[in-house]
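Here are the chains, one letter per residue:
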Amino acid sequence: MVMLAIMSLVILFMVFTMLYPIGVTFMNSLKTVVEVNSFPPKFLPQGLEWQNFEEGWHYMDIPMFMKNTLIIFGGNVLVTVFVLGLAAFTLSKLNLPHRKLIYFFFLMTLFIPPSTYIVPNFVNLKDLGLLNSFWAFWLPAGASAFNMLLLKSFFDDINDEIFEASRIDGASNWYGFTRIALPLSIPIIATLSIFIFSAAWNDWFWPSLVMHGDPKYPLATAIYKKVIQATGLKQNIKFAILAMVSLPPIVVFLVFQKFILRGLHLGGVKG
Amino acid sequence: MDQTAAANVQPATSAKRRRFAPYRKNWSGYLFLVPAAALFVLFLWVPIIKGVVYSFYDIDFVNGNTYVGFDNYKTVFNDSEVGVSVKNTLYYMALCLLIGFWVPILFAIAISEIRRFQGIFRVAAYLPNVIPVVVLYGLWRWIYDPVGPINAFLGKLGADQILFMTDTRWSMVSLVIMETWQQFGSGMLIYLAAVLSIPKDWYEAAEIDGAGIWARVRHITLPSIKGLIVLMLIMQLIATSQGYQSQLAMLDGGPLNATLTYGLKIVKYAFTRLDYGVASAMGVLMFLVLGGLAVVQFRMQNRGGN
């Protein structure tokens with residue numbers, strides 16, 4: 001009983017520490033400059049300064065940066081589904097000679113930690129003339145051994161018989177992939193989309209190297225360059241912008257949380 | 001004459017045809033692999049090989065590259081900051097183990113034992129993962145501020161102020177606490193799934209035998225998820241050994257290089273000094289160390305999966 005009480009306290013503490021900083025972001029975004037800089041800080045604002053949001057909205061072109069993030073995300077999903085999906089389908093469902101060997105060729109790249117080749121990767125993109133282009137994100141999205149592994153293990157669980165039957169009826173392999181395998185793999189595509197979205201949504205450093213300026217920066221990079229590194233920006237406006245960019249993913253997560261948490265589970269072990 | 005020649009040729013081509021038959025029959029299958037193979041070569045294998053090559057060159061985008069032998073490696077070993085960065089990286093890895101590693105395990109077990117409101121706890125724990133990390137950088141700078149809420153609380157308790165960001169003893173610890181807060185939710189979900197998949201009757205049997213929570217956790221829960229714990233440990237070591245983003249974003253390696261990790265040092269060589277050769281050499285050295293760890297992880301994961 002004592003143990004259970006302690007555990008409940010621990011959990012309550014966790015819920016509090018999770019929610020408090022998020023609450024702080026929203027509360028601070030509604031304060032005046034004087035309030036947000038006063039010591040000791042108060043959690044609740046005295047009045048509701050909604051015009052902070054208006055000022056933040058005019059400070060930077062949030063819709064444009066968000067559009068760039070979504071362009072990167074959309075292209076990455078398409079490449080993942082069609083390039084990696086096709087390869088995973090082939091390795092899983094078509095009886096190719098040497099497919100184990102080919103699979104190993106793809107999988108071996110998992111052994112190589114990404115930050116060991118971050119520098120040559122950048123120089124390589126430059127040599128290919130892909131800097132400052134969305135292709136610098138879309139094409140490398142098709143070189144993810146981890147996502148291929150997830151897709152292949154999903155295809156492995158689909159019964160072979162459907163594909164054999166369709167082949168006997170004269171369907172091509174392409175038909176098998178687009179009309180049978182893809183519709184069946186909506187759950188894994190949804191899971192991958194969550195991973196790809198959170199990567200595109202969070203990644204600020206790599207785009208800041210690859211993209212050369214405002215019109216191409218995704219939201220995270222723009223926030224880092226214009227809000228986090230800014231010195232002249234007022235604290236309350238800063239928090240208003242941070243609140244604005246946090247709100248959409250929080251709402252999406254809360255609405256679809258059952259679906260998303262199940263999807264994450266499907267993805268298995270992923271740090 | 002013609003007929004015999006044709007007859008002689010026939011068996012040879014049919015043998016050849018038979019040998020290549022599986023490939024010809026599967027031509028579309030091989031075609032399906034081409035896009036992925038091309039992208040893997042272009043964006044993984046080429047950079048990886050280039051990295052090794054570049055480590056022996058002085059990279060100059062304007063005047064072209066020149067071969068310099070082991071000079072880049074000499075530069076790495078003669079740079080005293082590299083030694084500092086290795087020490088900082090090991091310190092960072094150790095802190096992540098001490099402060100961060102056990103947190104998701106603890107909460108996963110606590111949530112599974114309480115058995116109620118699991119949905120709410122799960123959502124609360126995962127919430128920080130949803131917020132963009134750049135937002136967290138801004139938020140935590142304010143929380144850690146000398147006049148921020150934590151120092152206000154400490155002041156109320158009559159304790160001394162802590163300079164979380166600028167005190168060299170605290171800066172790395174502060175970053176690890178922030179990262180633990182942000183990331184433990186996803187680890188917790190993985191542990192929770194494993195804990196919930198332990199057969200219920202084991203617990204019931206233990207309860208009948210009069211085992212308390214502590215005994216159950218020690219003798220049933222922990223042994224059941226031992227494999228997962230080891231796997232997560234290796235994954236965390238691999239991830240933290242490469243860490244540099246929060247160090248870069250929050251403190252740029254400071255104060256006094258206290259948060260300069262090896263990964264950050266690579267980034268600084270490449271993108272502030274524009275010395276891509278030395279940066280590549282550091283990458284190769286890192287690969288030699290981490291490659292071994294990655295192989296161990298893969299073997300474990302395969303054993304766990306099957």
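Residues numbered from 1 in each chain as written. Chains lettered and ligands numbered in written order. Predicted model: local features only at pLDDT ≥ 70, side-chain atom pairs only at ≥ 80, totals over all residues.

Q: I'd like a description of the overall build of chain B, backed by residues and values.
A: Scanning chain B from terminus to terminus reveals 14 helices and two strands. Computed over the C-alpha atoms, the radius of gyration of chain B is 28 Å, more than 25% above the 19 Å expected from 2.2 N^0.38 for a compact globule of 306 residues. Counting only C-alpha atoms and orienting by the principal axes, one finds that chain B spans roughly 110 × 70 × 30 Å. Expressed as a percentage of the 306 residues in chain B, the buried residues total 35%. (Helix = DSSP H or I, 4+ residues; strand = E, 2+ residues; numbered from the N terminus. Rg over C-alpha atoms; globule rule 2.2 N^0.38 Å. Buried ≥ 20, exposed ≤ 12 C-beta atoms within 10 Å, placed from the backbone.)

Q: Give me the nonpolar core: which residues, what numbers.
A: A87 and I223 of chain A together with A108, V134 and Y191 of chain B are the most contacted members of the largest nonpolar core, which has 134 residues in total. Structurally, this core is a two-domain feature, drawing no fewer than three residues from each of domain 1 (2-54) and domain 2 (77-305) of chain B. (Core = buried A, V, L, I, M, F, W, Y, C linked by C-beta atoms within 7 Å. Domains from an automatic or database assignment.)

Q: Any details on the domain arrangement of chain B? Residues and values, ideally.
A: Taken as a whole, chain B is organised into domain 1 (2-54) and domain 2 (77-305). Distance between the C-alpha centres of domain 1 of chain B and domain 2 of chain B: 46 Å.

Q: With reference to specific residues and values, describe the interface of chain B and chain A.
A: Taken residue by residue, the interface counts 80 residues in chain B and 71 residues in chain A. Considering only residue class, the side of chain B that touches chain A consists of 62 nonpolar, 15 polar and three charged. (Contact = placed C-beta atoms within 7 Å. Nonpolar A, V, L, I, M, F, W, Y, C, P; charged D, E, K, R; others polar.)

Q: Help me get a handle on helix α6 (residues 133-143) of chain B, residues and values and all.
A: Where burial is concerned, most of α6 of chain B is hidden: 10 out of the 11 residues are buried. Where α6 of chain B is concerned, the buried positions are V133, V134, V135, L136, Y137, G138, L139, W140, W142 and I143 of chain B.

Q: Talk me through the packing of helix α4 (residues 62-93) of chain A against helix α11 (residues 186-202) of chain A; I want residue IDs and the actual numbers.
A: All names here are of chain A. Two elements in contact, α4 and α11, have axes separated by 9 Å at closest approach and are oriented at 145 degrees. As α4 runs across α11, the sense of the crossing is right-handed. Of the residues in α11, those in contact with T69, I72, F73, N76, V77, T80 and V81 of α4 are I189, L192, S193, I196, F197, A200 and W201. Looking at side-chain class alone, the contact of α4 with α11 contains 10 nonpolar, four polar and no charged residues. (Axes fitted to C-alpha atoms, helices over the stretch in contact; angles between N-to-C directions. Left-handed = near helix turned anticlockwise from the far one by under 90°.)

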